[in-house]
Amino acid sequence: MRTQVAIIGSGPSGLLLGQLLTDAGIDNVILERATQDYVLGRIRAGVLEEGMAGMLDEAGAGARMRREGLPHDGFDLTFSARHHRIDLFGLTGKHVIVYGQTEVTRDLMDRRAQTGGVTVYEAANVQPRDFDGAQPYVTYEQDGIEHRLYCDFIAGCDGYHGPSRKAVEGRGLETFERVYPFGWLGIVADVPPVSHELIYSNHPRGFALCSMRSNTRSRYYVQCALDEKVEEWPDERFWDEIRRRLPTETAEKMTTGPSIEKSIAPLRSFVAEPMRFGRLFLVGDAAHIVPPTGAKGLNLAASDVRYLFDGVREHYAEKSDAGIDVYSQRALRRVWKAERFSWWMTNTMHCFPEQGAFGQRIQEAELDYLAGSVAASTSLAENYVGLPY
Ligand code: RFL
Ligand code: PHB
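Residues numbered from 1 in each chain as written. Chains lettered and ligands numbered in written order. Predicted model: local features only at pLDDT ≥ 70, side-chain atom pairs only at ≥ 80, totals over all residues. Heavy atoms only, no water.

Caption draft 1: Here's a closer look at the overall build of the chain. What the chain contains, in helices and strands, is 14 helices and 20 strands. Taking 389 residues into account, the globule formula puts the C-alpha radius of gyration at 21 Å, and the chain, at 21 Å, falls close to it. Each principal axis of the C-alpha distribution contributes one length, and for the chain these read about 60 × 40 × 40 Å. A separation threshold of at least 6 residues defines the contact pool for the chain, and within that pool the share at least 24 residues apart is 72%. Side-chain charges of the chain comprise 43 positive and 53 negative groups, with the mean position of each set lying 1 Å from the other. (Helix = DSSP H or I, 4+ residues; strand = E, 2+ residues; numbered from the N terminus. Rg over C-alpha atoms; globule rule 2.2 N^0.38 Å. Contact = heavy atoms within 4.5 Å. Lys, Arg positive; Asp, Glu negative; His and termini not counted. Charge placed at Lys NZ, Arg CZ, Asp CG, Glu CD.)

Structural data, given as structure tokens:
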């Protein structure tokens, strides 16, 4: 089999890249290890920057997001039993859209099916090969038979655990990492959200986040220890804990109910440099991870896709490799700024084991400063709505 761009992974980065390429008349095949249902079963991100929303429109997959997504003009920070609203729209003229990654993925899969894009699901042992030369290819197995997909370029959109980054380890790949000493325990429940905007809460018992998927479905998180197990968190314990981490008037308004999903995610910051090796490009979580506190992971995947798609289109349409040649540099500049922001939000909002009462007071002072400073609030807001591409 032969294609122009072989894409490994059908998460949001692979699907978005694939759709933009298809619409530009550039042939591509996606190789995905899991089944379609498995990919759609993952509950992850919920906040889209305007830049990403615009790319979904461009890919012809934005209609349902525009209809059902919830535009948010601000969010609340709570600390020391008080609230401070970050007026995203007032401070930046921009908003974000609350729309689940599951729905983004479904819309992109539907659009791919409509436009005849090829995705090979349950592809085993996927390996990018010979990307240093002029004729790269990807090998994979299906039903015990090995296949070769010849291509011009390989896009490694295969997430943090995929084979693309592993294929370049020891070949000049440099990695930067911070592992945080806690995780997020998240639940989904079919109860109305406690507030129509998100609430990020700093509390001596640990961070909490009130988010949502719709006006009838809530997404809540509490900071937990890394060695905790989901089984140790029956719903009652979760609801009691999150209410303790919110100001009393908010806790009293919270509607509780049975959870329909519950899982623990560790928090990590990670960057791999460079993001290009010959004809192999690392995209999205394959190249970088941010802790979810700044809601940046999915949005960074979209900005990588922007830069790579523009470069590949230029290669075919204008016979110029200028865009491809600067892909890694352009993507990493934006990645590092989002890494910094996510690290800062994480440090400011979470309870670290070693921070003690002094560290807690410092965080509260920082948040108090933010609440009283238009400059500091604007800095937070402009990062949250997304830096320009
Ligand atoms: P994905 O989504 O991990 O997709 C990678 C795909 O590659 C496949 N794959 C393989 N395919 C073939 N062969 C192999 N050997 C393969 N190995 C893996 C996988 O099956 C999968 O289908 O990466 P992508 O596309 O780069 O997308 C990145 C985002 O998923 C991620 O950054 C976000 O979910 C992060 N994130 C958030 N981002 C936001 O922008 N806003 C948020 O509010 C937000 N909240 C979150 C989050 C991530 C979370 N978790 C659980 C990690 C909240 C949470 C709790
Ligand atoms: C979510 O709704 O899942 C969500 C929202 C904001 C974040 C992280 C996750 O910062």
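From this point on, the discussion continues.
Caption draft 2: Quick peek at the site of ligand 1. Every one of the 31 residues lining ligand 1 counts as a neighbour, but Ser 13, Glu 32, Gln 101, Asp 285 and Leu 298 are closest to it. Between ligand 1 and Leu 298, the relevant distance is 2.7 Å, taken from an oxygen atom to a main-chain nitrogen or oxygen of the residue. For ligand 1, whose unbound accessible area comes to 1,000 Å², protein coverage reaches 88%. No other element matches helix α10 (residues 297-318), which puts three residues into the shell around ligand 1. Taken together, the residues that form the shell around ligand 1 break down as 13 nonpolar, 11 polar and seven charged. (Near = heavy atom within 4 Å. Polar contact = N/O pair within 3.5 Å; in protein donor to acceptor, adjacent residues only side chain to side chain. Areas by Shrake-Rupley, 256 points an atom, 1.4 Å probe, with all protein chains shown as cover. Nonpolar A, V, L, I, M, F, W, Y, C, P; charged D, E, K, R; others polar.)

Caption draft 3: Spotlight on the side chain of Ser 201. Tracing the backbone shows Ser 201 in strand β14 (residues 199-201). Separated by 2.6 Å, the side chain of Ser 201 and the backbone oxygen of Arg 245 make a polar contact. In this structure Ser 201 touches Thr 78, Gly 206, Phe 207, Ala 208, Arg 245, Leu 246 and Met 349, once residues within four positions along its chain are discounted.

Caption draft 4: Structural context of the pattern of salt bridges. Within the structure shown, the criterion is met by 25 salt bridges. In this structure, Lys 296 engages Glu 49 in a salt bridge whose closest nitrogen and oxygen atoms are separated by 2.8 Å. One end of the pair, Lys 296, is in the loop between β20 (288-289) and α10; the other, Glu 49, is in the loop between β3 (47-48) and α3 (50-58), with 247 residues separating them in the sequence. Connected through shared salt-bridge partners, Arg 64, Glu 68, Glu 103, Arg 106 and Asp 107 make up one network. (Salt bridge = Lys/Arg side-chain N within 4 Å of Asp/Glu carboxyl O.)

Caption draft 5: Up close: the sheet that holds strand β15 (residues 208-212). With mixed pairing, the eight strands of this open sheet are ordered in space as β6-β5-β14-β15-β16-β13-β17-β20. The sheet is open, and its two edges are formed by β6 (82-86) and β20, each paired on a single side. Bridge analysis of strand β5 (residues 75-79) against β6 gives five bridges, and the strand direction is antiparallel. Looking across to β6, one finds that Thr 78 is bridged to His 83. Most of the contacts of helix α14 (residues 374-385) go to β6, to which it runs at about 60 degrees, and overall it touches β5, β6 and β14. (Pairing = 2+ DSSP bridges. Axes fitted to C-alpha atoms, helices over the stretch in contact; angles between N-to-C directions.)

Caption draft 6: Main features of α14. Taking 1.5 Å per residue as the helical rise, α14 with its 12 residues ought to reach 16 Å, and the 16 Å between its terminal C-alpha atoms agrees with that figure. Residues Ala 376, Ser 377, Leu 380, Ala 381, Asn 383, Tyr 384 and Val 385 constitute the buried set of α14. For α14, the N-terminal capping position is held by Ser 373, with its side-chain oxygen 3.3 Å away from the main-chain nitrogen of Ala 375. (Expected span 1.5 Å × (residues − 1). Buried < 20%, exposed > 50% of the residue type's maximum accessible area, 1.4 Å probe, protein only.)

Caption draft 7: Summary view of the site of ligand 2. Taken together, 14 residues surround ligand 2, and among them Tyr 200, Ser 211, Arg 213, Tyr 221 and Pro 292 come closest. At a separation of 2.8 Å, an oxygen atom of ligand 2 approaches a polar side-chain atom of Arg 213. Contacts to ligand 2 include Ala 295, whose backbone N or O atom sits 3.5 Å from an oxygen atom. Protein burial of ligand 2: of its 280 Å² of free accessible surface, 97% is covered by the chains. Contributions of two or more residues to the shell around ligand 2 are made by β15 and β16 (218-224).

Caption draft 8: Quick look at the pairing of strand β11 (residues 145-150). Sheet topology places strand β10 (residues 137-142) next to β11; six bridges connect them, and they run antiparallel. Its bridge partner being in β11, Tyr 137 is matched across the sheet by Tyr 150. Between β10 and the antiparallel strand that follows it, β11, lie two residues; Asp 143 among them carries a positive phi value of about 50 degrees.

Caption draft 9: View of the sheet that holds β11. The three strands lie next to each other as β9-β10-β11, forming an open sheet whose pairing is antiparallel. Looking along the sheet, the strands with just one partner apiece sit at the ends: β9 (124-129) and β11. Going from strand to strand, the sheet's axes swing by 15 degrees on average, the running direction of each strand aside.

Caption draft 10: Structural detail: the state of the cysteines. Evaluation of the coordinates by the stated rule reveals zero disulfides. Lacking any disulfide linkage, Cys 210 is separated from the closest cysteine sulfur, that of Cys 224, by 16 Å. Between Cys 224, a cysteine without a disulfide, and Cys 351, which holds the nearest cysteine sulfur, the sulfur-to-sulfur distance is 13 Å. The class for Cys 224 is buried, based on a relative accessible area of 4%. (Disulfide = S-S within 2.5 Å.)

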